[in-house]
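Structure at a glance
Residue strings, one per chain:
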Amino acid sequence: MTDELLASMFPADDAIPDNYRIASPIEQRQYLCDGAIKEWSGPQQDALSPICVAIDDTVQQKLIGSYPLLTEQQALEALDAACRAYDYGRGAWPTMSVEERIGHVEAFAYRMKEQRDDVVKLLMWEIGKTLPDAEKEFDRTVDYIRDTIDALKDLDRVSSRFVIEQGVIGQIRRAPLGVVLCMGPFNYPLNETFTTLIPALIMGNAVIFKPPKLGVLLHQPLLEAFRDSFPRGVVNTVYGEGQKVIGPLMKSGRIDVLAFIGSSRVADILKQQHPKPHRLRCVLGLEAKNAGIVLRDTDLDHTVKECTLGALSYNGQRCTALKILFVHEEIVDAFITKFSDAVDKLKGGMPWDAGVQITPLPEPNKTKYLTELIDDARTKGARLVNENGGTVNHTFMSPAVVYPVGPDMRLYSEEQFGPVVPIAKFTDIEEPMNYVTQSDYGQQVSLFGSDTELIADLIDPLVNQVCRVNINSQCQRGPDTFPFTGRKDSAEGTLSVSDALRVFTIRTLVAAKETDANRGIIKSIVTKRISRFLSTDFIL
Ligand code: G3H
């Protein structure tokens, strides 16, 4: 992007296409608690878009609305509502048949789809996601719900039979854990919140969810669907500052599962606040610094394409993004030429503009932080190798390729989570291998090359360091049926469509010694269909 284009990238408000314009700020005062949408009359948090608008001679981040800054009192009301709905496992929701619960989730998905346009528009404005990526996030979430329902049907079918072993009759099913607190990240505020919320719910837990700081308003169009689709108190929302609303929830000791996608620093604080740590289950998606290792015999064009996608999709703001590239010294110059060229061709602009790949960054002061990382590398001997790399206009930064990056630079180990791509060169494969081994993180790695023997040699140790080794492919979470997790500081627990059903439940069983009397009791319960657990009903 040239300096000239960069300087004029932010539109005047009246130049924004009508269907994407936010005519007046959305003042969200509602929150969902105990089956009712309540009105908040207290202080509000302004929601500033990463998208700036040109007003006269100035450029300012657009104020798109505000949302409630709830207090400890509302947070504890939500907790009371969730605890009442769960009622120690005796509530209508946790004791409901799987088939009925599926019906409620289907009803929600139906209503959710009606809100697609509003949610997609807010994804663009709140977090600067491009229109195709915002649509993909919405559609992927709806697909995830459908796949979750199918996976649960399969699980339930397998569980709807008795096992007879060593003279004991048993029926084994998965049962809910209690009250789940779900907190998603700003980069996938809808999808990653729902990949924990939906499985937690469908398995019979009661849920409190807090949207991330950025990406709050987009949940508002779904509040009525939540209210109407689930029994009272089964879904509750809280908004506001984490310390004020989340601290009291954790300190109460009444949260059974923490499902949190964010930083390990915050996850540690939350976990430590819980007074009964061994009772708390945690499902955590945390930081990552996934490396791309480019071997000397790689197909350069293909590798450049995958590395560009892997490092810079959604401005590099994906936990799975390639956050450092190790390139063999024999090809590093050729790689850098092609890679810089590909990066410079990425189109920057507004999320709704056709073909745009790089957009403004939503986190406060993000361009300043990224500039500091680049400056740190430059003072230690690295340089910006692409044209216009690192040029900033308010919330926008042109993607920067920085080379050669070494262990003394912050970019070598810090998770930049933005459009900056550090490249290190290596002579001996042990250099990137040691990097992966010594890293605090252990999510994924990408290997680019064609030497089958060498790739095989690398796969075996790498699978014991990370949780997914990608061959000639960028790192990514999907398909959502694949397990998604990490070692070390990158994750706790595994998420996939079917794994998520497991992490929010525990196996529990009904067992009886095989006597005539017990056989009679079990047979009678099953025939009369008077228990929802002890049942051979089969979902068709
Ligand atoms: O931010 C982390 C996401 O889980 C990554 O998902 O690889 O589909 O972009 P993705």
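Residues numbered from 1 in each chain as written. Predicted model: local features only at pLDDT ≥ 70, side-chain atom pairs only at ≥ 80, totals over all residues. Heavy atoms only, no water.

1. Let's talk about the overall build of the protein
Convention followed: Only DSSP runs of H or I covering at least 4 residues are called helices, and only runs of E covering at least 2 are called strands; the numbering of each starts at the N terminus. Atoms counted for the radius of gyration: C-alpha only. Globule rule: 2.2 Å times the number of residues to the power 0.38. For every residue, the accessible area (1.4 Å probe, protein chains only) is compared with the maximum for its type, and the residue is labelled buried under 20%, exposed over 50%, or partly exposed between those bounds. Should any heavy atoms of two residues lie within 4.5 Å, those residues are considered in contact. Per-residue and other accessible areas were derived by the Shrake-Rupley procedure at a 1.4 Å probe size, with only the shown protein chains allowed to occlude residues. By the counting rule applied here, Lys and Arg register as positive and Asp and Glu as negative, while His and the ends of each chain are not counted. All charge positions are set by atom: Lys at NZ, Arg at CZ, Asp at CG, Glu at CD.
Counting secondary structure elements, the protein contains 18 helices and 25 strands. Against the globule reference of 24 Å for 540 residues, the protein gives a C-alpha radius of gyration of 25 Å, in line with a compact fold. In terms of principal-axis extent, the alpha carbons of the protein reach across some 80 × 60 × 40 Å. Looking at the 540 residues of the protein, the share that counts as buried comes to 56%. Look at the contacts in the protein between residues 6 or more apart in sequence, and 74% of them connect residues 24 or more apart. Carbon and sulfur atoms provide 49% of the accessible area of the protein, an area that totals close to 22800 Å². Separation between the mean location of the 59 positive side-chain charges and that of the 72 negative ones in the protein comes to 9 Å.

2. Overview of the site of the ligand
Where we set the bar: Near residues are defined by distance, with any heavy atom within 4 Å of the molecule or strand qualifying the residue. Polar contacts, as counted here, are pairs of nitrogen or oxygen atoms within 3.5 Å of one another; within protein the pair requires one atom able to donate a hydrogen and one able to accept it, and residues that are adjacent in sequence qualify only if both atoms are side-chain atoms. Cavity: a set of points on a 1 Å grid over the protein atoms alone where a 1.4 Å probe fits but cannot get out. Pocket: an open set with protein on both sides within 12 Å along at least five of seven lines, its lining residues, like those of a cavity, having an atom within 4 Å of a point. Pocket or cavity membership: a molecule qualifies when more than half of its atoms sit within 2 Å of the grid points of that site. Following the grouping adopted for this structure description, the nonpolar residues are Ala, Val, Leu, Ile, Met, Phe, Trp, Tyr, Cys and Pro, the charged ones are Asp, Glu, Lys and Arg, and the polar ones are all others, Gly among them.
Every residue lining the ligand is accounted for by Arg140, Asn187, Tyr188, Glu192, Arg318, Cys319, Thr320, Gln476, Arg477 and Phe484. Arg477 places a polar main-chain atom, nitrogen or oxygen, 2.7 Å from an oxygen atom of the ligand. In the complex, 95% of the free accessible area of the ligand, which totals 310 Å², lies under the protein chains. Structurally, the ligand is housed in the second largest pocket. Looking at the shell around the ligand residue by residue, the classes come out as three nonpolar, three polar and four charged.

3. Some thoughts on the side chain of Lys289
What counts, and what does not: The working definition used for a salt bridge is a side-chain nitrogen of Lys or Arg within 4 Å of a carboxyl oxygen of Asp or Glu.
The residue Lys289 is located in the loop between strand E12 (281-285) and strand E13 (290-294) in this model. We note that Lys289 is buried and unpaired, the nearest opposite charge coming from Glu414 at a distance of 8.0 Å. From its side chain, Lys289 meets the backbone oxygen of Lys323 in a polar contact 3.4 Å long. Not counting the four nearest positions on each side in its chain, Lys289 is found in contact with Lys323, Ile324, Leu411, Tyr412, Ser413, Glu414, Glu415, Gln416, Pro422, Tyr435 and Tyr441.

4. Thoughts on the domain arrangement of the protein
Note the threshold: The source of the domain bounds is an automatic or database domain assignment. For any pair of parts, buried area is found by adding up, for both, the accessible area (1.4 Å probe) each one loses once the two are put together.
The domain boundaries assigned to the protein delineate domain 1 (73-285) and domain 2 (290-480). A C-alpha centroid distance of 33 Å is found between domain 1 and domain 2. Of the residues lining the interface, 17 residues belong to domain 1; the matching set on domain 2 comes to 16 residues. Buried surface at the junction of domain 1 and domain 2, both sides included, amounts to about 1500 Å², of which 59% is carbon and sulfur. Here Arg140 makes a salt bridge to Asp480, at a shortest N to O gap of 3.0 Å. Contributions of two or more residues to the side of domain 1 that touches domain 2 are made by helix H5 (116-127), helix H6 (131-159) and helix H7 (191-202). Its residues assigned to classes, the side of domain 1 that touches domain 2 shows eight nonpolar, four polar and five charged.

5. Concerning the layout of surface pockets
Put simply, the rule is: Grid points are joined across faces, edges and corners, and a volume is the space filled by probe spheres set on the points.
Considering only enclosed or pocket space, the second largest pocket measures out at about 790 Å³ in volume. Top contributing element to the lining of the second largest pocket by residue count: H6, with eight residues. Broken down by class, the residue content of the lining of the second largest pocket amounts to eleven nonpolar, ten polar and 13 charged. Of the residues that make up the lining of the second largest pocket, three or more belong to each of domain 1 (73-285) and domain 2 (290-480).

6. Observations concerning the pairing of strand E3 (residues 36-39)
For clarity, the cut-off: For two strands to pair, DSSP has to find at least two bridges joining them.
As defined by bridge partners, strand E2 (residues 30-33) adjoins E3 across four bridges and the pair is classed as antiparallel. Across the sheet, Gln30 pairs through a bridge with Glu39, a residue of E3. Where E2 folds back on E3, the antiparallel hairpin that results is connected by two residues, among which Asp34 adopts a positive phi of roughly 55°.

7. A short note on the pattern of salt bridges
One pass over the full model with this rule turns up 30 salt bridges. Here Arg477 and Glu192 are joined by a salt bridge, their closest N and O atoms 2.7 Å apart. Residue Arg477 is found in the loop between strand E22 (469-471) and strand E23 (487-488), and its partner Glu192 is found in helix H7; the two are separated by 285 residues along the sequence. Pair check on accessibility: Arg477 and Glu192 agree, each one buried. The structure contains a network of salt bridges with shared partners spanning Arg140, Glu192, Arg477 and Asp480.

8. So, the sheet that holds strand E15 (residues 383-384)
Just so we agree on the cut-off: Note on geometry: axes are C-alpha line fits, over the in-contact stretch for helices, and angles between N-to-C directions span 0 to 180 degrees.
The mixed open sheet is built from seven strands, whose spatial order is E15-E18-E19-E14-E13-E21-E22. The sheet terminates laterally at E15 and E22, the two strands that pair on one side only. Sheet topology note: the E13/strand E14 (residues 322-328) ladder contains five bridges and is parallel. Pairing of Val294 across the sheet is with Val327, part of E14. This element, helix H11 (residues 300-312), spans E13, E14, strand E19 (420-426) and strand E21 (445-448) of the sheet and lies at about 155° to E14.

9. Considering the sheet that holds strand E4 (residues 44-55)
Spatially, three strands are ordered E1-E5-E4 in an open sheet, and the strand pairing comes out mixed. Of all strands in the sheet, those bounded by a partner on one side alone are strand E1 (26-27) and E4. Relative to strand E5 (residues 58-68), E4 runs antiparallel, the two being bridged by nine bridges. Paired with Cys52 across the bridge in E5 is Gln61. Along the sheet face, H5 touches E1, E4 and E5 and points at about 80° away from the line of E4.

10. Considering a nonpolar patch on the surface
We count it as follows: Put simply, a patch holds well-exposed residues, over 30% relative accessible area, that have no salt bridge, with like charges counted together within 9 Å and Val, Leu, Ile, Met, Phe, Trp or Tyr side chains within 5 Å.
Taken together, the side chains of Val163, Ile172 and Leu509 make up a nonpolar region of the molecular surface, amounting to roughly 220 Å² of accessible area. Structurally, Ile172 can be placed in strand E7 (residues 168-176).

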